[in-house]
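Observations on chain architecture
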Amino acid sequence: MNDKIQIKNALKESAIAILQKNDRGGYTVPTDGLYPFQWNWDAAITALGWATFDRKRAWEEIDYLLKGQWKNGMVPHILFHQPSDSYFPNADVWNVSDAVRGEVRSTSISQPPVLASVVKRLLEQKPDDAQERQRVAAYLPKLLAYHLWWYRDRDPENTGLVVSYHPWESGMDNSPAWDEALAAVPPVTWAYQRRDTQHVDSSERPKQAEYDRYLYLVDFFIKQDFDARRIYDNCPFKVQDMGIISILHRASKDLLTVCELLGVQNEHTQQLVEEIARTEKAIQQLWSEPHQSFLTKNVMTDSFCEVQTTGTLLALFAGLANADQAQKMSALLDDWLAASDYGVASTYPKHPTYEPQRYWRGPVWLHINWMIAEGLKDYQLTAQHQQVVNASKALIEKVGYWEYFNADTGEGCGGDVFSWTAAISLYWLLDD
Ligand code: GLC
């Protein structure tokens, strides 16, 4: 056996071992201790990894995630399947009322809805398997309800651009895109003890002032009785996040494809077609010519969050950039990629807020590398696509499956033996 195959097999084995280690029977924790529950977009990405060696387990991951779906259609960001005191804030702090929630206790916000894109990929791997088709058919009403929830509750004025109410909802918790918007949120006034900094060095985590505001918002949702309209009207943090908008858009198109493959057409699919068209028109409002990029908007001040992040690059994954914009973004990306040998740093490295080791302010995240690579492939930006693939492979060969990676040095950061890093490697970099 040559060396390359040997290295690949060893990487596969250790990635599989990570998913098995983090398996809690039906759902997978991102990593033990630091994140002891099921997270929304982690679960979707993790299912892709499971599917490379255990399809039944991949579908189960999705079954478990959908158990948490709220009555209004929202799929929450964290599902507290079992109690654990290694994470803060827990289910009691989120205090979601039984009247609104699904089968499992949860948080009161969502996360980037990549799930339908994952379901499409799984279905396309075995398009003729009757049992799997049946399974996906059963998901369809739930996935449609989830997507229509975004458009209805998060865009009640039909602007074509959904809003988000919490940095945690973006999945990119302490991105510099939120700095200004979050500074306008009051801090929480009660004392609390963070758990994250007991697992990970504080230089790699969000700061206290940010946590104070994250928690203020958690309380705010409770005080509004989780009522969609009240929150929309009064929430002190409201952004049109390019990351969420892009992932939602791509997933909505993928969901329509799944519906077509299964011969499903009804008023919900029709509505989805209309929502997709609305976003395609509206997205031009988020293009900034001086930045050669789309940007996230702070709705509270009607101004751009003036920093290019990987969230803004996801317009390529969504197919939302026109040909001219894609060229401009590609030129920007050349510059961006020159700064790191490991793929796409989460913040544009020439921006003053860039910090190569701090969570979403600079580090490379492997599942984001994947999404951007998919976008580059779609736009036939072949050389950049290959560059991101090669950098990602080099990264896991060098350091393995960390939560995220220092963009300057490639060093593993945050939690070790991390599910979505292992899973996306299995699916994207290691599958034959
Ligand atoms: C952090 C990340 C978020 C992820 C979660 C679990 O909160 O910012 O994106 O879903 O950890 O891995």
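Let us look at the structure shown here. (Residues numbered from 1 in each chain as written. Predicted model: local features only at pLDDT ≥ 70, side-chain atom pairs only at ≥ 80, totals over all residues. Heavy atoms only, no water.)

Right, let's get into the site of the ligand. Lining the immediate surroundings of the ligand are Pro30, Tyr35, Trp39, Trp41, Asp42, Gln111, Gly171, Asp173, Tyr359, Trp360, Phe418 and Trp420. The contact in question runs from an oxygen atom of the ligand to an N or O atom on the backbone of glycine 171, over 2.5 Å. In the complex, the protein chains occlude 97% of the 310 Å² of accessible area that the ligand would expose alone. (Near = heavy atom within 4 Å. Polar contact = N/O pair within 3.5 Å; in protein donor to acceptor, adjacent residues only side chain to side chain. Areas by Shrake-Rupley, 256 points an atom, 1.4 Å probe, with all protein chains shown as cover.)

It is worth spelling out the side chain of arginine 358 at this point. Looking at where arginine 358 falls in the secondary structure, it is placed in the loop between helix H16 (323-338) and helix H17 (366-378). Judged by relative accessible area, arginine 358 falls into the buried class, the value being 11%. Within polar-contact distance, the side chain of arginine 358 engages the backbone oxygen of serine 202 at 3.1 Å. Among all residues touching arginine 358, those that are not within four sequence positions of it are Asn174, Ser202, Ser203, Glu204, Arg205, Lys207 and Pro363. (Helix = DSSP H or I, 4+ residues; strand = E, 2+ residues; numbered from the N terminus. Buried < 20%, exposed > 50% of the residue type's maximum accessible area, 1.4 Å probe, protein only. Contact = heavy atoms within 4.5 Å.)

Another point: the packing of aromatic side chains. By the definition in use, this model includes 35 aromatic pairs. Pairing tryptophan 365 with tyrosine 404 gives two aromatic rings, centres 4.7 Å apart and planes at 25°, and the pair type is stacked. In this pair, tryptophan 365 sits in the loop between H16 and H17 while tyrosine 404 sits in strand S8 (residues 404-405), placing the two residues 39 residues apart along the sequence. Note on accessibility: tryptophan 365 and tyrosine 404 belong to one class, buried. Aromatic ring contacts, followed pair by pair, group Tyr35, Phe37, Trp39, Trp41, Phe80, Tyr87, Tyr359, Trp360, Trp365, Tyr404, Phe418 and Trp420 into a single cluster. Seen from the ring of tyrosine 359, arginine 205 lies directly overhead, with NZ or CZ sitting 4.4 Å from the centre. (Phe/Tyr/Trp six-rings, centres within 6.5 Å; stacked < 30°, edge-to-face > 60°. Lys NZ or Arg CZ within 6 Å of the ring centre and 35° of its normal.)

Moving on to H16. The end-to-end C-alpha distance of H16 is 23 Å, a good match for the 22 Å that 16 residues give at a rise of 1.5 Å each. Burial in H16 covers these residues: Gln325, Ala326, Met329, Ser330, Leu332, Leu333, Trp336 and Leu337. Structurally, H16 contributes buried residues whose contacts are with strand S4 (287-288), strand S5 (293-294), helix H14 (310-313), helix H15 (315-318), H17 and helix H18 (382-399). The backbone nitrogen of aspartate 324 has a side-chain oxygen 3.2 Å away, supplied by the residue at the start of H16, namely asparagine 322. (Expected span 1.5 Å × (residues − 1).)

Taken in spatial order, the three strands make up an open sheet running S3-S6-S7, and their pairing is antiparallel. Every interior strand has two partners, whereas the edge strands, strand S3 (239-240) and strand S7 (303-304), have only one. The sheet contact formed by S3 and strand S6 (residues 297-298) spans two bridges and is antiparallel. Each bridged residue has a counterpart across the sheet, and for glutamine 240 the counterpart in S6 is lysine 297. (Pairing = 2+ DSSP bridges.)

On to the environment of glutamine 82, then. Counting through the fold element by element, glutamine 82 comes out in the loop between strand S2 (78-79) and helix H4 (91-94). Not counting the four nearest positions on each side in its chain, glutamine 82 is found in contact with Arg24, Tyr27 and Phe37.

Okay, the pattern of salt bridges next. Evaluation of the coordinates by the stated rule reveals 33 salt bridges. With a closest N to O distance of 3.7 Å, arginine 361 and glutamate 210 form a salt bridge. Within this pair, whereas arginine 361 is found in the loop between H16 and H17, its partner glutamate 210 is found in helix H10 (residues 208-223), the two being separated by 151 residues in sequence. In this structure, the salt-bridge partner of glutamate 289 is lysine 328, at a minimum N-O distance of 2.8 Å. A residue pair is termed long-range when its members are at least 10 positions apart, and glutamate 289 in the loop between S4 and S5 and lysine 328 in helix H16 qualify at 39 residues. A single salt-bridge network, built from bridges that share partners, covers Asp23, Lys56, Arg57, Glu60 and Glu61. (Salt bridge = Lys/Arg side-chain N within 4 Å of Asp/Glu carboxyl O.)

Glancing now at the state of the cysteines. Under the counting rule described, the total for this entry stands at zero disulfides. Cysteine 235 forms no disulfide, and the closest cysteine sulfur to it belongs to cysteine 305, at a distance of 14 Å. Residue classification places cysteine 235 among the buried positions, given a relative accessible area of 1%. (Disulfide = S-S within 2.5 Å.)

Just distances and angles here, no functional claims.
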